Structure formats: structure tokens, C-alpha cells
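Tertiary structure, described
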Amino acid sequence: MRTMIDHRTLQIVFADLQDSIVALSSTNSPETIRRSAGVLGKVAQTLDIPFTVSVAPRPDGPGVIAELPETSPFVRGGPCCWDDRAWREAITAQARKTLAICGVTSEIVVLHTALAALADGYDVIVLVDASGGISERTENAALRQIEAAGGTVTSVASLVTSMVRDFTTPTGRTVITALHDLTG
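Note that this is a predicted model, so its numbers are computed, not measured. (Residues numbered from 1 in each chain as written. Predicted model: local features only at pLDDT ≥ 70, side-chain atom pairs only at ≥ 80, totals over all residues. Heavy atoms only, no water.)

1. Notes on the packing of helix 2 (residues 30-47) against helix 7 (residues 170-180)
Put simply, the test is: Structural elements are reduced to axes, namely lines fitted to C-alpha atoms, with helices fitted over the stretch in contact, and the angle between N-to-C directions of any two is expressed from 0 to 180 degrees. Think of it this way: any DSSP run of H or I at least four residues long counts as a helix, any run of E at least two long counts as a strand, and we number them from the N terminus. Angles are sorted into four bins: roughly parallel if under 35 degrees, roughly antiparallel if over 145, roughly perpendicular if 65 to 115, and oblique for all others. Whether two residues are in contact is decided by their heavy atoms: any pair within 4.5 Å suffices. In this classification, the charged set is Asp, Glu, Lys and Arg, the nonpolar set is Ala, Val, Leu, Ile, Met, Phe, Trp, Tyr, Cys and Pro, and all remaining amino acids, among them Gly, are polar.
For the pair helix 2 and helix 7, interaxial distance at closest approach is 9 Å and the crossing angle is 170°. Considering the angle they form, helix 2 stands roughly antiparallel to helix 7. Between helix 2, through Val 39, Lys 42, Val 43, Thr 46 and Leu 47, and helix 7, the contact on the second element is made entirely by Thr 171, Thr 174, Val 175, Ala 178 and Leu 179. Its residues assigned to classes, the contact of helix 2 with helix 7 shows 6 nonpolar, 3 polar and 1 charged.

2. Side note on the pattern of salt bridges
Between side chains of opposite charge, a pair can form as their charged atoms come close. What counts here: Salt bridges are defined as contacts in which a side-chain nitrogen from Lys or Arg sits within 4 Å of a carboxyl oxygen from Asp or Glu. Only protein chains enter the calculation, and the probe is 1.4 Å; a residue is then buried if its accessible area is under 20% of its type maximum, exposed if over 50%, and partly exposed in between.
Applying the stated criterion across every chain yields a total of 6 salt bridges. Lys 42 is the salt-bridge partner of Asp 181, the closest N and O atoms lying 2.7 Å from each other. Taken together, the positions of Asp 181 in the segment after helix 7 and Lys 42 in helix 2 put the pair 139 residues apart, joining distant regions of the chain. Overall, the relative accessible area of 42% leaves Lys 42 in the partly exposed class. Several salt bridges converge on common partners, so that one network encompasses Asp 19, Arg 34 and Glu 67.

3. Brief notes about the pairing of strand 1 (residues 10-15)
We apply this condition: Any two strands are treated as partners once DSSP identifies two or more bridges connecting them.
With 6 of 6 residues buried, strand 1 lies mostly within the body of the structure. Burial along strand 1 is two-sided: the residues Leu 10, Ile 12 and Phe 14 and Gln 11, Val 13 and Ala 15 are all buried. Taken together, the 6 bridges between strand 1 and strand 4 (residues 98-103) define a ladder with parallel strand orientation. Paired with Gln 11 across the two strands is Leu 99, which belongs to strand 4. Relative to strand 2 (residues 51-55), strand 1 runs parallel, the two sharing 4 bridges. Within strand 2, the position partnered with Ile 12 by the bridge is Phe 51.

What follows is the structure, given as C-alpha cells:
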């Protein structure tokens, strides 16, 4: 990851962070995923970073985790956010070419969305602490694939502190306070 990320070039993708899906993660506890995604959502709102929530269809509705900022989710039909025309149009309408992606599962929605975005010319950062996989072995394989395609794998704390380097400003104080929530 570059030393500094300009938050004005970033969009955040929350993918399949649904109660019934987050509970299936074997590589991060649901609590870690929820906490990390919640911090990321708070930082997005503080820094005015656009974000989208993409969900898999579920019989009882989207069931998005409560920690995410309020928004209408995009319901897609397959394993890749990029394949959903409405979601892709929302992303491409922004003049921000870096996507920070998190979700469950890393081997499915995170992998396919990251690879499609990279192929379409976007920079991709995958946030491992706000994501979860089926198994450590399969998640690591997916993350290696993303890195081999040019993506970056990091954490919420590393991403946030690459964007906000001065914690003495009002924004910096809000951000560092949000980061404290990562330790639960």
C-alpha cells in the first residue's frame, strides 16, 4: 500500500455483511468483522467517503449488520458486485478510482469483485479484518490471487492511518477515537 492514501480518491465497498452470512466466517470472528466494518463506516462518514452496501439475496431480506452506516443496499444475483449493473453504475459515477473492499466471504464476493474492479482499471485494497473466509487456507489463496492481480491486502487500521496522519485536529481526534473501537 502506498504511504498515504488520499481519502478523496477512495470508495468503500461493504459486500455481504449480512447477519446470516457474517456468522459463517471461519477466519475472523463475527465480532471482529462487525467491529472493523463499524469503524470503517464511522471513518467513511467522518471523511465523507462514499460507500456502497452490496448484498446477496436472502429469504428474509438483506439483514445487513447493524454496525454499517445507514443506506439502501444493492441486492445482486451472483457472486460478484461488479456484475450488478445498478451497483457498478453507482461506483463508476464517482470520480474515485480506489476501492476498499471488505465482506464475507473472501473467497467469493471479495475475490470476484476485487478481480473485476482491477480488470476495469480500479485500484483495490482488501481489508482483512472486516472480511471473513470459509477457511484460512482458501481465504489465503483468494488474497494471494488479488495481490497477484495488483491489489493490496491490509487492515482497517492501516488504511485509516494512511489517510489521516494528524490526530490533533478535530477530524484526527474523531478518527483515532473510532480506531480505539477496533480493540473491542
